[in-house]
Amino acid sequence: MTVAAILCENVGSSDVGPYILTNTVELPTTVIAFIQKRCPTYRLKYSRTVGRRYFANNCPKCGMISGDFYLHSEPGGPFFPTDQEEASALTIETITVDKKYFARTGCGYGTAELILQFAKRFPPY
Ligand SMILES: [Zn+2]
């Protein structure tokens, strides 16, 4: 199944990024629409593991949540590549942000640089 995550590349301060959003509870509608156009099952969903709702990837067939812990926190998982090969399995599509957006979210550091370096770009540049 297709899964989505948000990577913030150009952040305001150079000592805090880039990073990947995890356990996100609030997003701008523009960003939600952008993701759901490509990945319709990315939506707010209650997680029993976390104990609250957050924007998660869900199976298009059975609706089961594919939690951020599995996708983001396990080395070798989709959004936690450990080498060039794993990072190159990802595709980055850019959304241009022309104003300040607000999000309530956690941040994952560490693998964003690897993803930015080796993931495929769509459209290519
Ligand atoms: Zn399923």
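That block above? That's the structure.
To keep things clear, this report deals only with the structure shown in the data block. Numbering of residues begins from 1 in every chain and follows the order in which that chain's sequence is written. Local features in this predicted model are restricted to residues of pLDDT 70 or higher, and side-chain atom pairs are both shown and tallied only at a pLDDT of 80 or more, whereas totals for entire chains, interfaces and linings draw on every residue. The side-chain figures draw on all heavy atoms in the structure; neither hydrogens nor water molecules are used.

**What to know about the pairing of strand β2 (residues 19-26)**
Here's step 1: As defined by bridge partners, strand β1 (residues 7-8) adjoins β2 across two bridges and the pair is classed as antiparallel. Residue Cys8 lies in a different strand from β2, and its bridge partner there is Tyr19.
Here's step 2: Two strands pair under a simple rule: DSSP has to find at least two bridges between them. Under the DSSP-based scheme used, a helix requires at least four consecutive residues in state H or I and a strand at least two consecutive residues in state E, with every element numbered from the N terminus. Bridge analysis of β2 against strand β7 (residues 104-108) gives four bridges, and the strand direction is antiparallel. Paired with Thr22 across the two strands is Gly106, which belongs to β7.

**Topic: empty space enclosed by the protein**
Here's step 1: Here a cavity is any set of points on a 1 Å grid over the protein atoms alone where a 1.4 Å probe fits but cannot get out, and a pocket is any open set with protein on both sides within 12 Å along at least 5 of 7 lines; a residue lines the site when it has an atom within 4 Å of a point. Grid points are joined across faces, edges and corners, and a volume is the space filled by probe spheres set on the points. As enumerated under the stated definition, the model contains one cavity of 30 Å³ or more in all.
Here's step 2: For the largest cavity, the calculated volume is near 50 Å³.
Here's step 3: Ala4, Ala5, Leu21, Thr22, Asn23, Thr24, Tyr42, Phe55, Asn57, Asp68 and His72 together form the lining of the largest cavity.
Here's step 4: Where the lining of the largest cavity is concerned, the elements lending two or more residues are β2, β4 (52-58) and α2 (68-73).
Here's step 5: The residue classification treats Ala, Val, Leu, Ile, Met, Phe, Trp, Tyr, Cys and Pro as nonpolar and Asp, Glu, Lys and Arg as charged. All others, Gly included, are polar. The residue makeup of the lining of the largest cavity, split by class, is five nonpolar, five polar and one charged.

**A short note on the pattern of salt bridges**
Here's step 1: Every case where a carboxyl oxygen of Asp or Glu lies within 4 Å of a side-chain nitrogen of Lys or Arg is listed as a salt bridge. Considering all chains together, one arrives at three salt bridges under this definition.
Here's step 2: A salt bridge links Arg121 to Glu9; the shortest N-O distance between them is 3.8 Å. In this pair, Arg121 is assigned in strand β8 (residues 120-122) and Glu9 in the loop between β1 and β2, connecting sequence segments 112 residues apart.
Here's step 3: Each residue is placed in one exposure class: buried if its accessible area under a 1.4 Å probe, protein chains only, is under 20% of its type's maximum, exposed if it is over 50%, and partly exposed if it falls in between. The buried category is assigned to Arg121, whose relative accessible area is 17%.
Here's step 4: The exposure class of Glu9 is partly exposed, given its relative accessible area of 35%.
Here's step 5: Salt-bridge contacts for Glu26 lead to Arg104; the nearest nitrogen and oxygen are separated by 3.0 Å. Here Arg104 lies in strand β7 and Glu26 lies in strand β2, a separation of 78 residues in the sequence.
Here's step 6: For Glu26, a relative accessible area of 33% translates into the label partly exposed.

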